[in-house]
Amino acid sequence: MSCPPPAAPPEDLSRLRVVPARHPGRVVLAVGVGLLVAVVLYSFVTNPRWEWGVVAQWFFAESIIRGLLETLKLTVMAGAVGFGLGLALALMRLSKSGLISSVSWTFSWIFRSTPLLVQLLLWYNLGYLYERITLGIPLTEITFFDARTSDLMTPMLAAVLGLGLHQAAYAAELIRGGILSVDQGQLEAASALGIPARDRSLRIVLPQAMRAILPTAFNEIIGLVKGTSIVYVLAHAELFFTIQLIYGRTQQVLPMLLVATLWYVVITSALSVGQYYIERHYSKGAVRTLPPTPLQKARARLARLRPTPTGAPA
């Protein structure tokens, strides 16, 4: 009987070097994009016609800050009107009543079909159609409120109504879509368990619908911030109208437009940061582990770049 061959000695894996996968196409693309970004930044910095000194002079000017605050005020008020009314319209559209559902659909159809500029001008000129606004008991002489429409319809009120109602038409559809995205089987299961309707809506439907609503909702809010610039037609002193007044007086058109652009970038960037953290909060039920925040990613990269002490495990 022959003897079995001797067993091979175990291979020393500690001497093996792990080589990361190479991606030459990715490297070439990254270098090309980096060069393009560098060229654009160099052009911005070195082109004297941007007049960066003028931009710095006006960026924190008192009139600009007042216009910025008006823009933020318009955004908050119109957003509250738009999403508050949009929620009500979305629930009306989901109603089993044909009349209520039809009213909601008609509202969205009208306000989505009409340009925003037209809506703003119609609200501002409402006094031409209705000279007075009166509230009271019909068919009697009892009146609780009576005023001239032109006195009530200020540029601010016209802007809030125009922006808010226009936003409500879109918000109603995106909220309705978010609610419909929730699996109806979960509602049936919750109903079978005897969970009250209020808790089913607030604890089951709403958290899951928010994951579908939030990305589009923040896009609408960012669009609303930039959409406030169209209010200049009403001569309301928001950011863009203030910028127009200044460059109409100084003839420094491009640097003043750059001031407005930078402030809009600041606002939308802040909203994007808020969107990230709010979406991360509502993703708790959809992912096993929450994605790391940018700060956590930066800390992890710094930890990997630190040298490992001698004798410590890698």
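Residues numbered from 1 in each chain as written. Predicted model: local features only at pLDDT ≥ 70, side-chain atom pairs only at ≥ 80, totals over all residues. Heavy atoms only, no water.

## Let's talk about the overall build of the protein chain
The condition that has to hold: Helix numbers and strand numbers start at the N terminus; a helix is a DSSP run of H or I with at least 4 residues, a strand a run of E with at least 2. Put simply, the radius of gyration uses C-alpha atoms, and a globule should come to 2.2 Å times the residue count raised to 0.38. Three exposure classes are used, based on accessible area relative to the maximum for each residue type with a 1.4 Å probe and protein chains only: buried under 20%, partly exposed in between, and exposed over 50%. The criterion used for residue contact is that any of the two residues' heavy atoms lie within 4.5 Å. For this count, His and the chain ends are skipped, Lys and Arg are scored as positive, and Asp and Glu as negative. A charged residue contributes its charge at one atom only: NZ of Lys, CZ of Arg, CG of Asp or CD of Glu.
Helix and strand content of the protein chain: 13 helices and 2 strands. Its C-alpha radius of gyration of 30 Å places the protein chain more than 25% over the 20 Å reference for a compact globule of 314 residues. Projected onto the principal axes, the alpha-carbon positions of the protein chain cover approximately 120 × 70 × 30 Å. Taking all 314 residues of the protein chain together, 29% fall into the buried category. Of the contacts made within the protein chain by residues no fewer than 6 positions apart, 69% connect residues no fewer than 24 positions apart. Put simply, the protein chain has 27 plus and 16 minus side-chain charges, and the middle of one group is 13 Å from the middle of the other.

## Considerations on the packing of aromatic side chains
The cut-off we apply is this: Each Phe, Tyr or Trp ring, with Trp reduced to its six-membered ring, pairs with another whose centre is within 6.5 Å; inter-plane angles below 30 degrees give stacked pairs, above 60 give edge-to-face pairs, and intermediate values give tilted ones.
The full count for this structure, using the stated rule, is 8 aromatic pairs. Through a chain of ring-to-ring contacts, the aromatic side chains of F59, F60 and W263 assemble into a single cluster.

## Some points on the pairing of strand β2 (residues 143-148)
Inclusion rule: Should DSSP find at least two bridges between two strands, the strands are regarded as paired.
Pairing of strand β1 (residues 132-136) with β2 involves 5 bridges; the strand directions are antiparallel. Within β2, the residue paired with I133 across the bridge is A147.

## Regarding the environment of L224
Note on placement: L224 falls in helix α10 (residues 197-227). Sequence spacing of L224 and L121 is 103 residues, and the spatial spacing of their C-alpha atoms is 17 Å. Look past the residues within four positions of L224 in its chain and what remains in contact with it is T75, A78, G79, L163 and Q167.

## Some remarks on a nonpolar patch on the surface
Just so we agree on the cut-off: Put simply, a patch holds well-exposed residues, over 30% relative accessible area, that have no salt bridge, with like charges counted together within 9 Å and Val, Leu, Ile, Met, Phe, Trp or Tyr side chains within 5 Å. Exposure was quantified through the Shrake-Rupley algorithm and a 1.4 Å probe, taking into account, for residues, occlusion by the shown protein chains and nothing else. In what follows, salt bridge is the name for a side-chain nitrogen of Lys or Arg lying within 4 Å of a carboxyl oxygen of Asp or Glu.
On the surface, L135, I137, I142, F144, F145, L152 and L157 cluster together to form a nonpolar patch covering roughly 630 Å² of accessible area. Along the chain, I142 turns up in the loop between β1 and β2. Judged by relative accessible area, which is 43%, I142 ranks as partly exposed.

## Examining the environment of A235
Residue position: A235 is located in the loop between α10 and α11 (239-250). Sequence spacing of A235 and E70 is 165 residues, and the spatial spacing of their C-alpha atoms is 12 Å.

## Some words on the side chain of S104
In plain terms, the rule: We define a polar contact as two N or O atoms separated by no more than 3.5 Å, with the added condition that, inside protein, one atom must be a possible hydrogen donor and the other a possible acceptor, whereas residues neighbouring each other in sequence contribute only through side-chain atom pairs.
Residue placement: S104 occurs in helix α4 (residues 98-113). Accessibility expressed as a relative area gives 1% for S104, which makes it buried. Within the structure, the side chain of S104 is placed 2.7 Å from the backbone oxygen of L89, a separation counted as a polar contact. Once residues lying within four places of it in the same chain are set aside, the contact partners of S104 are L89, M92 and R93.

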